[in-house]
Amino acid sequence: MVGLKDELLKAIWHAFTALDLDRSGKVSKSQLKVLSHNLCTVLNVPHDPVALEEHFRDDDEGPVSNQGYMPYLNKFILEKVQGNFDKVEFNRMCWTLCAKKNLSKSPLLISDEDAFKVWVIFNFLSEDKYPLIIVPEEIEYLLKKLTEAMGAGWQQEQFDLYKIALNTSREGLSAWELIDLIGSGQFSKGMDRQTVSMAVNEVFNELILDVLKQGYMLKKGHKRKNWTERWFVLKPNIISYYVSEDLKDKKGDIILDGNCCVEALPDKDGKKCLFLIKCLDKSFEISASDKKKKQEWIQAIQTTVSLLRAGSPPPHKEARQKRKELRQKLLAEQEELERQMKELQAANENKQKELETVRKQLEAAAARAAEEEKRRLQTQVELQDRFSLELEREKMVRQKMEEQVAQKSSELEQYLQRVRELEEMYKQLQEALEVEKQARQDEETVRKLQARLLEEESAKRAELEKWHLEQQQTIQMTEAEKQELENQRMIKEQALQVAMQQLELLELERKEALEQYEEVKKKLETAANNTRSWKDKVAHHEGLIRLIEPGSKNPHLITNWGPAAFTEAELEQREKSWKGKKASSE
C-alpha cells in the first residue's frame, strides 16, 4: 500500500498545487473541501464532512487549520483506500484540475488525451521527491519506448546532445515540460499525429494499465463448444477477453494465480495453433492465428504465472525499481568519491600546513643560530682586542719592570701577581675557545637535523603523489566500466533492431500465405459446389433415362403397357446401382 500511496500522492500534488491562493497566500477552505470530496468519490472512500469541517475549522491564522492539509489527506482519505477504484478515472480527475492552468497553449503534435496519458506516465516514472521531476535516464527510457512503438530508429546522438544541454541547466523536466518535449515532435520527426498517438497509447497500456500482451484469438465455449473470436488482454494476474479491441463489451475473465499452467495442444476439430490454460476451477482452450503468436502467448502467460509464484511485480515496474536502485548506487558511489576527494584534499592541506610550520620553525632556528653566531663572533673579536691590549700593556710593564728590577725589588711580588693574573686570563681564553668549539658542533647538529627534515618532507610529497596517481587510476577504471556497459547496451539494441526486421518479414510472409490460403479456399468451395450440382442432376434423372440398345434373349417383363424395356435381373442391377450413387451423394 506504500507504493500505491506514493503514486496517488503524485497526482494529488499536481491537483493541489494548481489550486488558487487567496490574498493571504493560502488555499481557501472551500477549494480544499471540493478537492477532498472529489478524491473520496473517485477513490471509493466514505466521505466524512464532519471530520473535514473539524480539521479545517476557522482559527486566528486564517481559513485553513495550522495542522495543514497533508495530515487530513493521510488520515481520512489515503489510509482508507483499498485499491477498488478506477485508476484512470482518478488520474483524469486530478488532470482536469491542473491541466488548464499548466498545459502549454502552443500547438502540439499530440492531442489532449495523449497529453493526459503522458502526464500519467510522468507520475509513474518521476522521482519520489517534490517538486516532481523526471530525470534524463527515465526520459531516455520513455522516448525509446515511444520510438520503438512507432517503428522508428532511435537517435542516440541527438538525445545525448539534448541530455548535455539539460544537465547544464537543471536535474530534469517537469510534467508539462515533458508534454511539450513529446508534443513538439523533436524525437518523432516524420511521424504523423495518429502514429504518435498510437505509440503513446501502447506505452500507456503497458506502463500504467499493466497490459503485458493483447491481441485477437479464438476461444472455445464451455457450453455450446463453438469457437468465437475474442480480443484478449493479459495483465499481471488476469486475462480478460472482449468482443473487440475497443474494450467496451467484456465477455469474461481468466483469473491467474501460482497454481495455473499453460500447455500446447495438438491440432483438432479443424483448429490449429491450440493451447490450454488450466486453472483450479476451469480450463480454457485457445486458438492463436499462427505458431509464432501461439508461442508468444504461451511464453507470456508462463512468465506471468512465474512472477505470481515468486511474488514479483510486473516486468516494467521491476525494471523501473532496478533503474532507481542503479541511480541511487551510482549517486552513492559518486558521493563516496567526493567524500574521499575531500578527505584527501583535507589531508593534503594538513600536510602542507605541517610542512609550512616545520619550514617556519627551521627558518626561526636558522635565524637564532645566525644571531648566536653573530654574538659569538662579536664576543671573540672583543676578547681578541682585549687580549691584544693586555699583551701590549704587559710588554710595557715588563719593560718598565726590567728597567726598574734592580731598583724596585719590592715590586717583584706585584709583578709575579700580575703574571698569575695573566695566566688566569689565559685559562679563561682557553675556556672561551672551548665554548666556541662546542657552539660549532651544535651548529653542525642543527644542520643535520634540517637535512633530515627536508628528506622527510620529500618522502611525504612522494606519498601524496602516489595517492594522487591511485585516485586517477580509480577514476579511469570507473570510466572504462561505463564504456563497457555502453558497448553492451549498443550491441543489444542492434540485436533488437535485427529481430524487429525479421519479425516484420515474417509478418509479410504470413499475410501473403493467408491471401494464398483464401484464394485456394475459394477455388475449393467453387469446385465442391459444381460437383454437388452435377451429382444432384444425375440422381434426379437416373430412373427416367432409358438406354436404347439391342434386346436381350432372356424373357422380358410384361407390363400393362406391353413388354418391359429391361429384364428382371437388369432392373435389379440398375436399382442397386442407383441406390449406391444416391447414398454416396448424401
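Residues numbered from 1 in each chain as written. Predicted model: local features only at pLDDT ≥ 70, side-chain atom pairs only at ≥ 80, totals over all residues. Heavy atoms only, no water.

Section: the overall build of the protein chain
Item 1. In terms of regular secondary structure, the protein chain is built from 14 helices and nine strands.
Item 2. Considered along the principal axes of its C-alpha atoms, the protein chain spans approximately 225 × 80 × 50 Å.
Item 3. Buried positions account for 28% of the 586 residues belonging to the protein chain.
Item 4. When contacts within the protein chain are restricted to residue pairs at least 6 apart in sequence, long-range pairs at least 24 apart make up 59% of them.
Item 5. As presented, the protein chain carries roughly 40,000 Å² of accessible surface, and 53% of it is formed by carbon and sulfur atoms.
Item 6. When the 95 basic and 104 acidic side-chain charges of the protein chain are each reduced to a single mean position, those positions are 8 Å apart. (Helix = DSSP H or I, 4+ residues; strand = E, 2+ residues; numbered from the N terminus. Buried < 20%, exposed > 50% of the residue type's maximum accessible area, 1.4 Å probe, protein only. Contact = heavy atoms within 4.5 Å. Areas by Shrake-Rupley, 256 points an atom, 1.4 Å probe, with all protein chains shown as cover. Lys, Arg positive; Asp, Glu negative; His and termini not counted. Charge placed at Lys NZ, Arg CZ, Asp CG, Glu CD.)

Thoughts on the packing of helix α7 (residues 136–150) against helix α12 (residues 315–404)
Item 1. Contact geometry of α7 with α12 gives a least axis separation of 11 Å together with a crossing angle of 150°. With respect to α12, the element α7 is oriented roughly antiparallel. Crossing geometry of α7 relative to α12 is assigned as right-handed. Contacts between α7 and α12 pair Glu137, Glu138 and Tyr141 from the former with His316, Arg323 and Arg327 from the latter. (Axes fitted to C-alpha atoms, helices over the stretch in contact; angles between N-to-C directions. Parallel < 35°, antiparallel > 145°, perpendicular 65-115°, else oblique. Left-handed = near helix turned anticlockwise from the far one by under 90°.)

Structural notes on the pattern of salt bridges
Item 1. This model, assessed by the stated rule, comprises 33 salt bridges.
Item 2. Where Glu138 meets Arg323, a salt bridge forms, and the shortest distance between an N and an O atom there is 2.9 Å. Of the two residues, Glu138 is situated in helix α7 and Arg323 in helix α12; the sequence distance between them amounts to 185 residues. Pair check on accessibility: Glu138 and Arg323 agree, each one buried.
Item 3. Here Arg489 ties to Glu493 by a salt bridge, and the two come within 2.4 Å at their closest N and O atoms. Pair noted here: Arg489 and Glu493 are both in helix α13 (residues 412–541), with a separation of four residues, about one helical turn.
Item 4. For Arg489, a relative accessible area of 21% translates into the label partly exposed.
Item 5. For Glu493, a relative accessible area of 19% corresponds to the buried category. (Salt bridge = Lys/Arg side-chain N within 4 Å of Asp/Glu carboxyl O.)

Digging into the confidence of the model for the protein chain
Item 1. With 91% of its residues at a pLDDT of at least 70, the protein chain reaches an overall mean of 82.
Item 2. Considering only residues more than four positions removed or in separate chains, one finds that residues 543–549, a stretch of pLDDT under 50, has four contacts. (pLDDT = per-residue confidence, 0-100.)

Focus: the packing of aromatic side chains
Item 1. Under the definition given, this model contains 14 aromatic pairs.
Item 2. Seen in terms of ring centroids, Phe232 and Trp297 are 6.4 Å apart; in terms of plane orientation they differ by 70°. Their pairing is edge-to-face. Of this pair, Phe232 sits in strand β2 (residues 227–235) while Trp297 sits in helix α11 (residues 291–310), and the two are 65 residues apart along the sequence. Take Phe232 and Trp297: they sit in the same class, and that class is buried.
Item 3. Taking the ring centre of Phe116 as reference, the NZ or CZ of Arg92 above it sits at 4.2 Å.
Item 4. The ring of Phe124 has Arg320 lying over it, and the distance from NZ or CZ to the ring centre is 4.0 Å. (Phe/Tyr/Trp six-rings, centres within 6.5 Å; stacked < 30°, edge-to-face > 60°. Lys NZ or Arg CZ within 6 Å of the ring centre and 35° of its normal.)

Describing unusual backbone geometry
Item 1. A cis geometry characterises the amide bond from Tyr130 onward to Pro131, with omega recorded as 0°.
Item 2. Inspection of the secondary structure assignment puts Pro131 in the loop between α6 (112–125) and α7.
Item 3. Look at Lys225: it is not a glycine, yet its phi comes out positive at around 60°.
Item 4. Judged by relative accessible area, which is 49%, Lys225 ranks as partly exposed.
Item 5. Phi angles above zero are rare outside glycine, and Cys273 is one such case at about 55°.
Item 6. As for its position among the elements, Cys273 is in the loop between β5 (261–265) and β6 (274–278).

Section: the UniProt feature "domain: PH" (unreviewed entry) in the protein chain
Item 1. Those places that UniProt annotates as "domain: PH" (unreviewed entry) correspond, in this numbering, to residues 210–306.
Item 2. Secondary structure within residues 210–306 divides into 16% helix and 44% strand; the distance between the first and last C-alpha atoms comes to 16 Å. (UniProt positions renumbered as here; feature names shortened; annotations may be inferred.)

Digging into a negative patch on the surface
Item 1. The grouping of Glu509, Glu512, Glu515 and Glu519 at the surface amounts to a negative patch.
Item 2. Looking at the secondary structure, you find Glu515 in helix α13.
Item 3. When its relative accessible area of 52% is taken as the criterion, Glu515 is described as exposed. (Patch = residues over 30% accessible without salt bridge, like charges linked within 9 Å, V, L, I, M, F, W, Y side chains within 5 Å.)

Some details on the domain arrangement of the protein chain
Item 1. With domains assigned, the protein chain is organised as domain 1 (1–209), domain 2 (213–313) and domain 3 (419–457).
Item 2. Using only C-alpha atoms to locate each centre, domain 1 and domain 3 end up separated by 87 Å. (Domains from an automatic or database assignment.)

Observations regarding the environment of Gly185
Item 1. When you line up the elements, Gly185 lands in the loop between α9 (175–183) and α10 (193–207).
Item 2. Remark: the alpha-carbon pair of Gly185 and Arg440, spanning 255 residues in sequence, is separated by 88 Å.

A closer look at the nonpolar core
Item 1. Among the nonpolar cores identified, the biggest contains 71 residues, and Leu8, Leu39, Leu43, Phe90, Trp95, Trp119 and Ile179 are the most heavily contacted of them.
Item 2. In terms of residues, this core owes the most to one element, α6, which gives nine residues.
Item 3. Once residues lying within four places of it in the same chain are set aside, the contact partners of Ile179 are Trp95, Leu103, Leu108, Ile110, Ala115, Val118 and Trp119. (Core = buried A, V, L, I, M, F, W, Y, C linked by side-chain atoms within 4.5 Å.)

Some points on the environment of Lys511
Item 1. By the element assignment, Lys511 lies in helix α13.
Item 2. Here Lys511 falls in the partly exposed class, since its relative accessible area comes to 44%.
Item 3. Residues Lys511 and Leu103, spaced 408 residues apart in sequence, show a C-alpha to C-alpha distance of 43 Å.

Considerations on a nonpolar patch on the surface
Item 1. Together, Met341, Leu344 and Trp467 give the surface a local cluster of nonpolar side chains, amounting to about 240 Å² of exposed area.
Item 2. Tracing the sequence through the fold places Trp467 in helix α13.
Item 3. By relative accessible area, which is 31% here, Trp467 ends up partly exposed.

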